[in-house]
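A structural walkthrough
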Amino acid sequence: MLSSESRRLWLWPLVLGLLSTSGLLTALVSDDWGDVWSWVGLGVPVLVIAWFSWRRSPSR
């Protein structure tokens, strides 16, 4: 089984990967509610990446 350090390290990348995958698959095969879920499933990982890259950018 994974150690607690490994779980802590890999939990959120796996969650974001599963969210992206479900958003992509839903966008391919569904309409109406699937359009909404695909926007959420693909938008949340982008927002998380933007948030953390903005926080890490050096101050001028």
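Scroll up for the structure.
Per chain, the residues get numbers from 1 upward, laid out in the order the sequence is written. pLDDT decides what is reported in this predicted model: residues at 70 or higher carry local features, side-chain atom pairs at 80 or more are listed and counted, and totals for whole chains, interfaces and linings draw on all residues regardless. Excluded from the side-chain calculations are hydrogens and water; all other atoms, namely the structure's heavy atoms, are used.

Comments concerning the packing of helix α1 (residues 4–29) against helix α2 (residues 33–56)
Convention followed: Orientation is described by lines fitted to C-alpha atoms, with helices fitted over the stretch in contact, and by angles between N-to-C directions that extend from 0 to 180 degrees. Helix and strand assignments follow DSSP, with helices taken as H or I runs no shorter than four residues and strands as E runs no shorter than two, numbered in order from the N terminus. In this scheme the handedness of a crossing depends on how the near helix is turned from the far one: anticlockwise by less than a right angle means left-handed, clockwise means right-handed. Any two residues whose heavy atoms approach within 4.5 Å are treated as being in contact. Three categories are distinguished: nonpolar for Ala, Val, Leu, Ile, Met, Phe, Trp, Tyr, Cys and Pro, charged for Asp, Glu, Lys and Arg, and polar for the others, with Gly belonging to the last.
With their axes 8 Å apart at the nearest point, α1 and α2 run at an angle of 150 degrees to one another. Handedness of the crossing formed by α1 with α2: left-handed. Contacts between α1 and α2 involve Leu16, Leu19, Ser20, Ser22, Gly23, Leu24, Thr26 and Ala27 on the former and, on the latter, Trp33, Gly34, Trp37, Ser38, Gly41, Leu42, Val44, Pro45 and Val48. In terms of residue class, the contact of α1 with α2 is built from 10 nonpolar, 7 polar and no charged.

Things to note about α2
The cut-off we apply is this: A helix is expected to reach a length of 1.5 Å times the quantity of its residues less one. Relative accessibility under 20% of the residue-type maximum defines a buried residue, over 50% an exposed one, and the middle range a partly exposed one, all with a 1.4 Å probe and only protein chains included.
In a regular helix each residue adds 1.5 Å, so 24 residues correspond to 34 Å; α2 covers 35 Å between its end C-alpha atoms and thus fits that length. Within the span of α2, buried status applies to Gly34, Ser38, Gly41 and Pro45. Packed against the buried residues of α2 are α1.

So, the packing of aromatic side chains
Going by this rule: Centres within 6.5 Å make a pair out of two Phe, Tyr or Trp rings, where for Trp the six-membered ring is used; the pair is then stacked when the planes are under 30 degrees apart, edge-to-face when over 60, and tilted otherwise.
Enumeration over the complete set of coordinates arrives at 1 aromatic pair. Here Trp51 and Trp54 contribute two aromatic rings whose centre-to-centre distance is 5.8 Å and whose plane-to-plane angle is 40 degrees, an arrangement assigned as tilted. Taken together, the positions of Trp51 and Trp54, both in helix α2 and 3 residues apart, correspond to about one turn of that helix.

Some words on the pattern of salt bridges
The condition that has to hold: By definition here, a salt bridge exists when the distance from a side-chain nitrogen of Lys or Arg to a carboxyl oxygen of Asp or Glu is within 4 Å.
Here the structure, examined in full by the defined rule, presents 1 salt bridge. We note a salt bridge from Arg8 to Glu5, for which the minimum N-O separation is 3.2 Å. Taken together, the residues span about one helical turn, with Arg8 and Glu5 both in helix α1 at a distance of 3 residues. Taking the relative accessible area as the measure of exposure, Arg8 reaches 62% and is therefore exposed.

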